[in-house]
Amino acid sequence: DLVGRFAPALFGAEPRNFVSLLLRPEHAKAEESSGSDNSSQSVLPAIYLPNASLEHRKEGLRYLETSKFPAPVPGQRPDPYEPKAAAADDGEPRSSWASG
């Protein structure tokens, strides 16, 4: 996949244009027809740059907020960052991230 291969250079040079390209319906159709299940994920290492400029971070966030990623497969290893429901003293489930 050329987009994934050249994502670091493209995103580095033109973050807004690159993300706009990724979000175009034509790109999604090409992705589907190629049979690649993880094309949209192949660019993640290129756009996740926590120490990048504000423009790059904004565009990375725009991509993440509007992209459609495949749902987790049942039986797949759970995400360690997913908050787990914990039972409170009153028996009601509560997120483990809740302050308390």
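As a reminder, the structure under discussion sits directly above these lines.
Being a predicted model, the structure only gives us computed values, none of them experimental.

Visitor: What is the right way to read the packing of helix H2 (residues 15-23) against helix H6 (residues 54-66) from this model?
Guide: Two packed helices can be described by the angle between their axes and the distance between those axes. Where H2 meets H6, the closest approach of the two axes is 9 Å, and the angle between their N-to-C directions is 10 degrees. Comparing the axis directions of H2 and H6 gives the class roughly parallel. Facing H2, whose interface residues are Pro15, Arg16, Val19, Ser20, Leu22 and Leu23, H6 presents Glu55, His56, Glu59, Arg62, Tyr63 and Thr66. A breakdown of the residues in the contact of H2 with H6 according to their chemical character gives 5 nonpolar, 3 polar and 4 charged.

Visitor: Looking at this structure, how should I read the nonpolar core?
Guide: A general trend in soluble globular proteins is that nonpolar side chains are found buried together. By size, the foremost hydrophobic cluster in this structure holds 10 residues: Val3, Ala7, Phe11, Phe18, Val19, Leu22, Val43, Ala46, Ile47 and Tyr63. Looking at this core, the elements that each hand over two or more residues are helix H1 (2-13), H2 and helix H5 (44-47).

Visitor: Just checking my understanding: could you explain the environment of glutamine 41 for this structure?
Guide: Its location among the elements puts glutamine 41 in helix H4 (residues 39-42). We classify glutamine 41 as partly exposed; its relative accessible area is 34%. When the C-alpha positions of glutamine 41 and leucine 64 are compared, they lie 9.9 Å apart, and in sequence the two are 23 residues distant.

Visitor: For this particular structure, what's the right way to read the pattern of salt bridges?
Guide: Close approach of charged atoms lets side chains of opposite charge pair. Using the criterion set out here, one finds 3 salt bridges in the structure. For the salt bridge of arginine 16 with glutamate 59, the shortest nitrogen-to-oxygen distance reads 3.1 Å. Remark: glutamate 59 occurs in helix H6 and arginine 16 occurs in helix H2; sequence separation between them is 43 residues. For glutamate 26, the salt bridge is made with arginine 24, and the minimal N-O distance between the two is 3.0 Å. By relative accessible area, which is 47% here, glutamate 26 ends up partly exposed. It is possible to trace a salt-bridge network through shared partners that takes in Arg16, Glu59 and Arg62.

Each value, and the rule that gives it
The written sequence of each chain sets the order in which its residues are numbered from 1. Note on the predicted model: pLDDT of at least 70 is required for a residue's local features to be given, and 80 or more for side-chain atom pairs to be given and counted; whole-chain, interface and lining totals, by contrast, use all residues. With hydrogens and water excluded, all non-hydrogen atoms of the structure serve as input to the side-chain values. Between N-to-C directions, angles span 0 to 180 degrees; the directions come from axes that are lines fitted to C-alpha atoms, helices contributing only their stretch in contact. The way it works is that DSSP assigns letters per residue, a run of H or I at least four long becomes a helix, a run of E at least two long becomes a strand, and they are numbered from the N terminus. Any angle from 65 to 115 degrees is called roughly perpendicular, while one under 35 is roughly parallel, one over 145 is roughly antiparallel, and all others are oblique. For this analysis, residues touch if any pair of their heavy atoms sits within 4.5 Å. Lys, Arg, Asp and Glu make up the charged group, whereas Ala, Val, Leu, Ile, Met, Phe, Trp, Tyr, Cys and Pro make up the nonpolar group; the residues left over, Gly among them, are polar. Throughout this description, the term nonpolar core refers to a set of buried Ala, Val, Leu, Ile, Met, Phe, Trp, Tyr and Cys residues connected via side-chain atoms within 4.5 Å. Note on classification: 1.4 Å probe, protein chains only; a residue is buried when its accessible area is under 20% of the maximum for its type, exposed when over 50%, partly exposed between these limits. By salt bridge we mean one thing: a side-chain nitrogen of Lys or Arg within 4 Å of a carboxyl oxygen of Asp or Glu.

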